[in-house]
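In case you want the letters, here they are:
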Amino acid sequence: MSSLNPEYKKIAEIVEKYSDLLLRVAFTYMKNISDSEDMVQEVFLKLVKEYPSFETDEHKKAWLIRVTVNQCKNRLKSAWFRKTEPIYDTTLSFSDEEKFVMNAVMELPSKYRSVILLYYHEGYSIKEISNILEIKESTISSQLQRARSQLKSKLKEDFDYE
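So, here is what we can say about the structure in this document. (Residues numbered from 1 in each chain as written. Predicted model: local features only at pLDDT ≥ 70, side-chain atom pairs only at ≥ 80, totals over all residues. Heavy atoms only, no water.)

**Points about the nonpolar core**
Short version of the rule: Only buried residues count toward a nonpolar core, which is a set of Ala, Val, Leu, Ile, Met, Phe, Trp, Tyr and Cys residues joined through side-chain atoms within 4.5 Å. Exposed residues in this analysis have more than 50% of their type's maximum accessible area, buried residues have under 20%, and partly exposed residues fall in between, with area computed by a 1.4 Å probe over protein chains only. Numbering of helices and strands starts at the N terminus; helices are DSSP runs of H or I of at least 4 residues and strands are runs of E of at least 2.
Counting 42 residues, the largest nonpolar core has Leu 22, Phe 44, Leu 47, Leu 64, Ile 65, Ile 116 and Leu 133 as the members making the most contacts within it. Looking at this core, the elements that each hand over two or more residues are helix H1 (6-30), helix H2 (33-50), helix H3 (57-77), helix H5 (96-106), helix H6 (110-121), helix H7 (126-133) and helix H8 (137-161). Sorting elements by how many residues they give to this core places H1 first, with 10 residues.

**Overview of the packing of H1 against H6**
Using the following cut-off: Axes here mean lines fitted to C-alpha atoms, for a helix over just the part in contact, with angles spanning 0 to 180 degrees between N-to-C directions. Roughly parallel means an angle under 35 degrees; roughly antiparallel, over 145; roughly perpendicular, 65 to 115; everything else is oblique. Each crossing gets its handedness from the near helix: less than a right angle anticlockwise from the far helix is left-handed, clockwise is right-handed. In this description, contact between two residues means that some pair of their heavy atoms is separated by no more than 4.5 Å. As a working rule, the residues Ala, Val, Leu, Ile, Met, Phe, Trp, Tyr, Cys and Pro are called nonpolar, Asp, Glu, Lys and Arg charged, and the rest polar, with Gly in that last group.
One way to put it is that H1 packs onto H6 with a least axis distance of 8 Å and a crossing angle of 155°. When the axis of H1 is compared with that of H6, the two are roughly antiparallel. Handedness of the crossing formed by H1 with H6: right-handed. Contacts between H1 and H6 pair Arg 24, Val 25, Thr 28 and Tyr 29 from the former with Ser 110, Arg 113, Ser 114, Leu 117 and His 121 from the latter. Residues of the contact of H1 with H6, tallied by class, amount to 3 nonpolar, 4 polar and 2 charged.

**Side note on the packing of H6 against H7**
Interhelical geometry of H6 versus H7 gives an angle of 130° and a closest axis separation of 10 Å. When the axis of H6 is compared with that of H7, the two are oblique. H6 and H7 meet at a crossing whose hand is right-handed. Between H6 and H7, the residues in contact are Ser 114, Val 115, Leu 118 and Tyr 119 and Ile 126, Ile 129 and Leu 133, respectively. Residue composition of the contact of H6 with H7, by class: 6 nonpolar, 1 polar and no charged.

**As for H7**
Stated precisely, the cut-off is as follows: Working definition: the arc comes from the directions between the helix axis and the C-beta atoms, pointing outward to the latter.
When H7 is considered as a whole, its buried residues turn out to be Ile 129, Ser 130, Ile 132 and Leu 133. The buried residues of H7 all sit within an arc of 165° when viewed along its axis, so they share a single face. Among the exposed residues of H7, those pointing more than 90 degrees away from its buried face are Lys 127 and Asn 131.

**Points about the pattern of salt bridges**
Rules: By convention in these notes, a salt bridge is any Lys or Arg side-chain nitrogen within 4 Å of a carboxyl oxygen on Asp or Glu.
Evaluation of the coordinates by the stated rule reveals 6 salt bridges. When the shortest N-O distance is used, the salt bridge between Glu 122 and Lys 61 registers 3.7 Å. Highlighted residues: Glu 122 in the loop between H6 and H7 and Lys 61 in helix H3, separated in sequence by 61 residues. In this structure Glu 122 comes out as buried when scored by relative accessible area, which is 18%. Residue Glu 107 pairs with Lys 154 through a salt bridge whose shortest N-O separation is 3.4 Å. Placement of Glu 107 in the loop between H5 and H6 and of Lys 154 in helix H8 is noted, with a sequence separation of 47 residues between them. The network of salt bridges with shared partners includes Lys 17, Asp 57 and Lys 60.

Shown next as structure tokens:
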């Protein structure tokens, strides 16, 4: 990496640092690895083309998440995508316990999946999620509460069934 010019070096560091996070965010929308990887690649292409100036690392992270969410939503709305049949391939690497919970999370509507991921996995506060997703704090709070309720019901149902 030492032969790269400083600008490319910065981008390579961003890709290295945020790829996993963005892949998880995209996965909550796309529900498969292939499409999720495509979305992350689109985000990094947008970063290279626009390379906005970021005030802080948190601002950079929030921008990347916001662009990922927007890319996913745009792809899901596209006529081409709606006419395709999804390929459900291998999921991200999770432990057995995490897979059980992740499967329940993946059954939630996308607006709840992203809130759950950002709150529990990434550790963002409701206020921070509100800023990232550009949604009112009260709406985020409601979505989080509904997601918890649905998850509790689903996990209890699955647990009682086994």
